[in-house]
Amino acid sequence: MQPLIDNARTFGQRPEEFAELAEGQSPQVLFITCSDSRVVPALITGARPGQLFELRTAGNIVPPHTSRHPTSEAATIEYAVEVLGVRDIVVCGHSHCGAVGALVRGDDLTSVPAVRDWLAHATPRPAGRAEDPEVAAGVQAHVLTQVLRLRSYPCVERKLAEGQLGLHAWYYEVHTGAVRAHRPQTDTFESL
């Protein structure tokens, strides 16, 4: 913890670098990814403060849209699309994902009921080989499911129909740093 505290102390000693951020934000991209500590959107994309609007959830899950019981995730998506006017949404899964790995393997999650119940939103259960530590196939299928789910959000559906929004599926390899994007024409994930 101490290195983090030390950095936080010195971070605030450069106010001139951050003064314009007080005027507001205008990110062009909503970046939805896993809460895994090895996945750092700004590091992956080279974004500076104010350039990415981030939504991080266990397993980069986009829960089903419902107006009866809105979720934090739905509020973030709606705010990014309707208020901030993002032009693109990236859903980025990653190799060695514990959440997707648990789903692929069918792990018993009774000791972590909140995790179990959250991962139930990932349906359908991602396919993949249980013995694959990268769970690449499972993660990639899961990312595509989340992109499809985004399409059911009314604000996303409308902006897509108006040609004002792009959806992207990415796969990040934590062990190499490589990023692959889904290409609908070939239905494969290829290097950016």
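Everything below is about the structure shown above.
This text gives an overview of the structure that appears in the document.

In this structure the tally under the stated criterion is zero disulfides. C92 carries a free sulfur, and the closest cysteine sulfur to it, the one in C34, is 9.6 Å from it. Take C97: it sits in no disulfide, and the sulfur closest to it among the cysteines is that of C34, at 4.3 Å.

Now for the environment of V156. Looking at the secondary structure, you find V156 in helix α7 (residues 154-161). On a C-alpha basis, the gap between V156 and V81 in space is 7.0 Å, while along the polypeptide they are 75 residues apart. If we ignore the near neighbours within four places in the chain, the residues touching V156 are I77, V81, I89, L150, R151, L165 and L167.

We now examine the environment of K159. Here K159 lies in helix α7. The spatial distance from the C-alpha of K159 to the C-alpha of R87 is 9.0 Å, given a sequence separation of 72 residues. For K159, the contacting residues outside a window of four places in its chain are V81, E82, Q164 and L165.

The next point concerns the nonpolar core. The tendency in soluble globular proteins is for nonpolar side chains to be buried side by side. Core analysis: the largest hydrophobic core is formed by 39 residues, its most contacted members being L30, I32, I77, V86, I89, L150 and V156. The next biggest cluster of nonpolar side chains, apart from the first, holds eleven residues, and it includes A47, W170, Y172 and A181.

With that settled, consider the sheet that holds strand β3 (residues 88-94). Here six strands make up an open sheet; going across it, the order is β2-β1-β3-β4-β5-β6 and the pairing mixed. Each edge of the sheet is formed by a strand with only one pairing partner; in this case those strands are β2 (52-57) and β6 (188-191). Adjacent strand axes in the sheet meet at a mean angle of 30 degrees when their direction is disregarded. Summarising the sheet, strand β5 (residues 179-183) and β6 pair through four bridges and their orientation is antiparallel. Each residue of the ladder has a partner; that of R183, found in β6, is T188. The strands touched by helix α3 (residues 72-83) within the sheet are β1 (29-34), β2 and β3, with β2 carrying the most contacts at an inclination of about 165 degrees.

Taken across its seven residues, strand β4 (residues 166-172) has six buried, putting it largely inside the fold. Bridge count for β3 against β4 is seven bridges, and the pairing is parallel. Bridged to I89 within β4 is L167. Direction of pairing for β4 relative to β5: antiparallel, over a ladder of three bridges. Note on β5: the bridge partner recorded for Y171 is R180. Linking β4 to β5, which pair antiparallel, is a turn of six residues; within it G177 sits at a positive phi near 85 degrees.

The next thing to look at is the pattern of salt bridges. Across all of its chains, the model carries six salt bridges by this definition. R158 is the partner of E82 in a salt bridge, and the nearest nitrogen-oxygen pair spans 2.5 Å. Here E82, found in helix α3, pairs with R158, found in helix α7; they are 76 residues apart in sequence, far enough to count as distant. By relative accessible area, E82 is classed as partly exposed at 35%. In this structure, the salt-bridge partner of D107 is R105, at a minimum N-O distance of 3.0 Å.

Basis of the calculations
Residues numbered from 1 in each chain as written. Predicted model: local features only at pLDDT ≥ 70, side-chain atom pairs only at ≥ 80, totals over all residues. Heavy atoms only, no water. Disulfide = S-S within 2.5 Å. Helix = DSSP H or I, 4+ residues; strand = E, 2+ residues; numbered from the N terminus. Contact = heavy atoms within 4.5 Å. Core = buried A, V, L, I, M, F, W, Y, C linked by side-chain atoms within 4.5 Å. Buried < 20%, exposed > 50% of the residue type's maximum accessible area, 1.4 Å probe, protein only. Pairing = 2+ DSSP bridges. Axes fitted to C-alpha atoms, helices over the stretch in contact; angles between N-to-C directions. Salt bridge = Lys/Arg side-chain N within 4 Å of Asp/Glu carboxyl O.

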